[in-house]
Amino acid sequence: MWHTTFPLLVHGSIGNNGGMLNRRTFLKTGAASLPVAAAIQALKSSAVSSDTIADVATSGPAPKLIPLPARLAPVDPATLPWQEKIRRVGQSNMTEHDPAVMNIEEWADYWHSAGADVVFISVTGILAFYPSKVKFHRQGKFLNGRDFFGQCVTAARKRGMRVVARMSPDLNWGDALEAHAEWAMRAADGSVLLRDEDPRLFHTCMFSSYMDEYIPAIMREINSFYDVDCFYTNGWPPIGSLPNCHCAICSKLPLSNTTAYWHAFNDRVLELWNKYDAIAKEKKPDSFFFANLGGNVRCGPNLDQLGKTAVWFQADNQGRTSDDPTVWGCSLQGRVCSAVMDGKFAGNVTAAYSTGTVRWRNASKNPAEAKMWLNETLASGMAPYFHFIGSEAGFGEDRRWQRVGAEYFQWTKKHDAHLKPRRFLANIGVVIGQSTQLLYQGPAVAHAHSYMRETTHGMYETLLRGRFAFDFVHEDRLDLERVSKYRALLLPNIAVLSDHQCEQLRAYVHSGGSLMTSFETSLYDENLQPRAEFGLAELLGIRKAGDVIGSNGNAYYGRIERTHPILEGFTNTNWLPGAQNRVPVKPVLDPVLTVVPGFVQYPPELAYPPVSRTDEPAAVLRENGPSRIAYFPGDIERTFWLTGHGDLLRLLHNTIRWITHDEKVIQVEGDGLVELFACETSPGYAVHLLNYTNPNAHHGWLESTYPLGAQTVSITVPTGVRVKSVDLLHAESSVPFQIESQVLRFTIPRVDDYEVAAITVG
């Protein structure tokens, strides 16, 4: 178990760093716990500069590098299904006008020369791109009886590209509604839900016969006439929220946004998915159906269930949105795919067009932004997938996107073996409570649709700034066989947990694993019903003492009561920022931090604590053998996201280091905001570095790249593995390396937007 796999870290000495306080000095002096006057005296001899106080990223002694696991047995590529050999996906999303203007040969030549293995071609459901005989499958006004779809299929096949038949079942026209009133989604007053941009179209209900009869009829028609490899539905199922329909069928279902409705929704998704998959296989056994997914941690359908069913994960995260403005949105989605697909195919749609709150769907976006989205797709294990809309003037009025896609695809084609991961290497698992993300909207004092999104980004940025290697872990995949590879699990306010999931977490800790949790984690059962006590109360060593307390003026503080590794680097202060909201918990023995309740922030004359010391813990820490547990009663990850406060970042970094015994599977030292991925590949290993050091990392689009200097990489390869070379795929050069006691070290001299260090072993 854990205590045999991960030995405890023994801190090594570090330099005095020019006389400034370091972690060892702190531990010896305990300056963080001294009264301020004594702390000032201690600081006089240490000459702490403002730079040191602000240093919250990666300072401290080198971590203990744990050996990578033994390499996986090789797999014969001939045994893999065809979709798992796909490395590049192309799509020119077709418009009603395209049959009149699109140059099919130019379209096919572009994707073929770029190196696309498969292309999406529109069958649709709102407008037929072939002479369909299915009733209500309206032919576009520019089709004029032409078999546009069939001609595109022929052109793609002639060039050796596979074909996905793209459908769209989410909308239809008024004439269909006149014949089938039951097909429409309806508002609470019974009115039909029309498309706001074009009220000629109505939203179709996924529980109606539209999905059982109309969509299968189109699929069977395509199968009877064309040689396609698989079928895909865009716009279904809903990916970021649950439907809210009041038609005759849905009015008999549980209310939307309840767990009971989610179960009914998931049952229907799986029913239709399996039905469509069976239809796809009626012509060819290696054909299949897949649907629009994405939504990252907030996906509508249950990802655990679909991960076991789907053979292609269509991550429809095309670009940044107003809800998710951060640059790492695509790699976050890739981690979700990795958590549920068990190595099966996943591709992420990178929109070459201008996504965002204000859109131009037929104009190219900034090349730097589009490239970073493709970089994140690759780094996180998904296949790059480039997408544009419309073919005016033959193949687009705006063709600037074409060079970006072609050059990127051609670069990846040279390095496919190194760019396809067999598994990711990490010793930290972050639980992505999908039911919490989808159904829980925060405590009553801070109820908001964005509550868990903010929590997720706070945790994610914390891990990036600490350069931790981590995976996502789905809440329904907490069995010990899966999670035992992680030294620690992080549960950022996973409020909704079943009794079974709580028991799985207890088993994990009893086996030697560590936990870091926060706020309302386990305070709700799987039906979103509040518990009187934390489901993990015994494990965490806590007892609820009241309802959530928000902030009215100053948020609460954490008073430093004694020295502890989670307080390393804090000097000359008796307290630290707490969080915006907290669950009051009962006193514990020998706390490290206690709560100073929030107080008035204005007027300044009243900005002082009426109660300056309590016995309410602001952190609860437990240790039993190799297992370490840290619980924060506040929504600390979300508060860090909202504020960017360096004290919260340092506290979280220190705590993660403590619960992991300062162990890492990979160490990357250097400047900059970087996201890293380490993975095992068929030739050896790959280290991906994504450079987010950019003024547009949190908002807007990247306009240019701000290169980083040297990044030094250290990993411990398994015994018996011989490193033959280290090659930088972006720089297209080799770098020297050294190995001492199985520890491989090398330096990447420069990182522009993205670099991949490909390690070939023998």
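Residues numbered from 1 in each chain as written. Predicted model: local features only at pLDDT ≥ 70, side-chain atom pairs only at ≥ 80, totals over all residues. Heavy atoms only, no water.

Quick look at the overall build of the chain
At step 1: Per the secondary structure count, the chain includes 22 helices and 33 strands.
At step 2: In summary, the chain has a C-alpha radius of gyration of 27 Å against a globular reference of 27 Å for 762 residues, a match within 12%.
At step 3: The buried share of the chain, taken over its 762 residues, is 59%.
At step 4: Intrachain contacts of the chain at a sequence separation of at least 6 include 77% that bridge at least 24 residues.
At step 5: For the chain, the accessible area works out to roughly 29,000 Å², and carbon and sulfur atoms hold 52% of it.
At step 6: Each charge class in the chain was averaged separately, 72 positive and 79 negative side chains, and the resulting centres sit 4 Å apart. (Helix = DSSP H or I, 4+ residues; strand = E, 2+ residues; numbered from the N terminus. Rg over C-alpha atoms; globule rule 2.2 N^0.38 Å. Buried < 20%, exposed > 50% of the residue type's maximum accessible area, 1.4 Å probe, protein only. Contact = heavy atoms within 4.5 Å. Areas by Shrake-Rupley, 256 points an atom, 1.4 Å probe, with all protein chains shown as cover. Lys, Arg positive; Asp, Glu negative; His and termini not counted. Charge placed at Lys NZ, Arg CZ, Asp CG, Glu CD.)

Concerning helix H17 (residues 451-465)
At step 1: Along its 15 residues, H17 runs 22 Å from first to last C-alpha, staying within 8% of the 21 Å computed at 1.5 Å per residue.
At step 2: H17 sits mainly inside the fold: 14 of its 15 residues count as buried.
At step 3: Arg-467, located one to two residues past H17, shows a positive phi value of around 55 degrees. (Expected span 1.5 Å × (residues − 1).)

Remarks on the confidence of the model for the chain
Interpretation of the predicted coordinates at a detailed level should be avoided for regions scoring low in pLDDT.
At step 1: Residues with a pLDDT of 70 or more make up 92% of the chain, whose mean pLDDT is 92.
At step 2: Note that residues 1-58 has pLDDT below 50 and, in this model, 106 contacts with residues that lie over four places away or in other chains. (pLDDT = per-residue confidence, 0-100.)

What to know about the side chain of Thr-521
At step 1: Secondary-structure assignment places Thr-521 in the loop between strand S18 (514-518) and helix H20 (537-540).
At step 2: Judged by relative accessible area, Thr-521 falls into the buried class, the value being 0%.
At step 3: In this view, Thr-521 contacts Leu-491, Asn-493, Ile-494, Ala-495, Leu-497, Phe-534 and Leu-536; residues no more than four positions away in its chain are not counted.

Concerning the sheet that holds strand S19 (residues 557-560)
At step 1: Strand order in the open sheet formed by 3 strands is S20-S19-S21, with antiparallel pairing between adjacent strands. Across the chains shown, the open sheet's two edge strands, defined by having one partner strand only, are strand S20 (575-577) and strand S21 (593-596). Averaged over all adjacent pairs, the angle separating strand axes in this sheet is 35 degrees, with direction ignored.
At step 2: With 3 bridges joining them, S19 and S20 adopt antiparallel strand pairing. If you follow Tyr-557 over to S20, its bridge partner there is Pro-577. (Pairing = 2+ DSSP bridges. Axes fitted to C-alpha atoms, helices over the stretch in contact; angles between N-to-C directions.)

Here's the deal with unusual backbone geometry
At step 1: Here the residue pair Trp-236 and Pro-237 is connected by a cis peptide bond, since its omega of 0 degrees sits within 30 degrees of zero.
At step 2: In this chain, Tyr-602 is followed by Pro-603 through a cis amide linkage whose omega measures 5 degrees.
At step 3: Of note in the backbone geometry, Phe-136 takes a positive phi value of approximately 80 degrees without being a glycine.
At step 4: Looking at where Phe-136 falls in the secondary structure, it is placed in the loop between strand S3 (118-122) and helix H7 (148-158).
At step 5: Phe-136 sits in the buried class, given a relative accessible area of 14%.
At step 6: Not every positive phi belongs to a glycine, and Asp-342 is a case in point at roughly 55 degrees.
At step 7: Tracing the chain through its elements places Asp-342 in the loop between helix H12 (329-341) and strand S10 (345-351).

A closer look at the pattern of salt bridges
At step 1: Summed over all chains, the structure comprises 46 salt bridges.
At step 2: Glu-105 is the partner of Lys-158 in a salt bridge, and the nearest nitrogen-oxygen pair spans 3.5 Å. Taken together, the residues Lys-158 in helix H7 and Glu-105 in helix H6 (residues 104-114) connect sequence positions 53 residues apart.
At step 3: We classify Lys-158 as exposed; its relative accessible area is 59%.
At step 4: Since its relative accessible area comes to 36%, Glu-105 is described here as partly exposed.
At step 5: Where Asp-304 meets Lys-308, a salt bridge forms, and the shortest distance between an N and an O atom there is 3.2 Å. (Salt bridge = Lys/Arg side-chain N within 4 Å of Asp/Glu carboxyl O.)

Concerning the sheet that holds strand S32 (residues 743-748)
At step 1: The antiparallel open sheet is built from 4 strands, whose spatial order is S25-S28-S32-S31. This sheet does not close on itself; its edge strands, each paired only once, are strand S25 (667-669) and strand S31 (737-740). For this sheet, the mean inter-axis angle between neighbouring strands, taken without regard to orientation, is 15 degrees.
At step 2: Examined bridge by bridge, S31 and S32 share 4 bridges and lie antiparallel to one another. Counted as the bridge partner of Gln-738 is Arg-745 from S32.

Observations regarding the packing of aromatic side chains
The relation between two aromatic rings is expressed through the spacing of the ring centres and the mutual angle of the planes.
At step 1: Across all of its chains, the model carries 47 aromatic pairs by this definition.
At step 2: Ring geometry for Trp-183 against Tyr-210: centres 4.9 Å apart, planes inclined by 75 degrees, an arrangement best described as edge-to-face. Taken together, the positions of Trp-183 in the loop between helix H8 (174-179) and strand S6 (201-203) and Tyr-210 in helix H9 (residues 209-225) put the pair 27 residues apart, joining distant regions of the chain. Summarising the burial analysis for this pair, Trp-183 and Tyr-210 share the class buried.
At step 3: Clustering of aromatic rings is evident, with ring pairs tying together Trp-82, Phe-120, Tyr-232, Phe-288, Phe-290, Trp-312, Phe-345 and Tyr-385.
At step 4: The ring of Trp-173 has Arg-138 sitting right over it, with the charged end atom 4.2 Å from the ring centre. (Phe/Tyr/Trp six-rings, centres within 6.5 Å; stacked < 30°, edge-to-face > 60°. Lys NZ or Arg CZ within 6 Å of the ring centre and 35° of its normal.)

Looking at the side chain of Ser-518
At step 1: With respect to the secondary-structure elements, Ser-518 resides in strand S18.
At step 2: Exposure remark for Ser-518: the relative accessible area of 0% places this residue in the buried category.
At step 3: Engagement of the side chain of Ser-518 in a polar contact is seen with the backbone nitrogen of Asn-493, the distance being 3.0 Å.
At step 4: Not counting chain neighbours up to four residues away, the residues in contact with Ser-518 comprise Leu-491, Pro-492, Asn-493, Tyr-631, Phe-632, Gly-634, Ile-636 and Glu-637. (Polar contact = N/O pair within 3.5 Å; in protein donor to acceptor, adjacent residues only side chain to side chain.)

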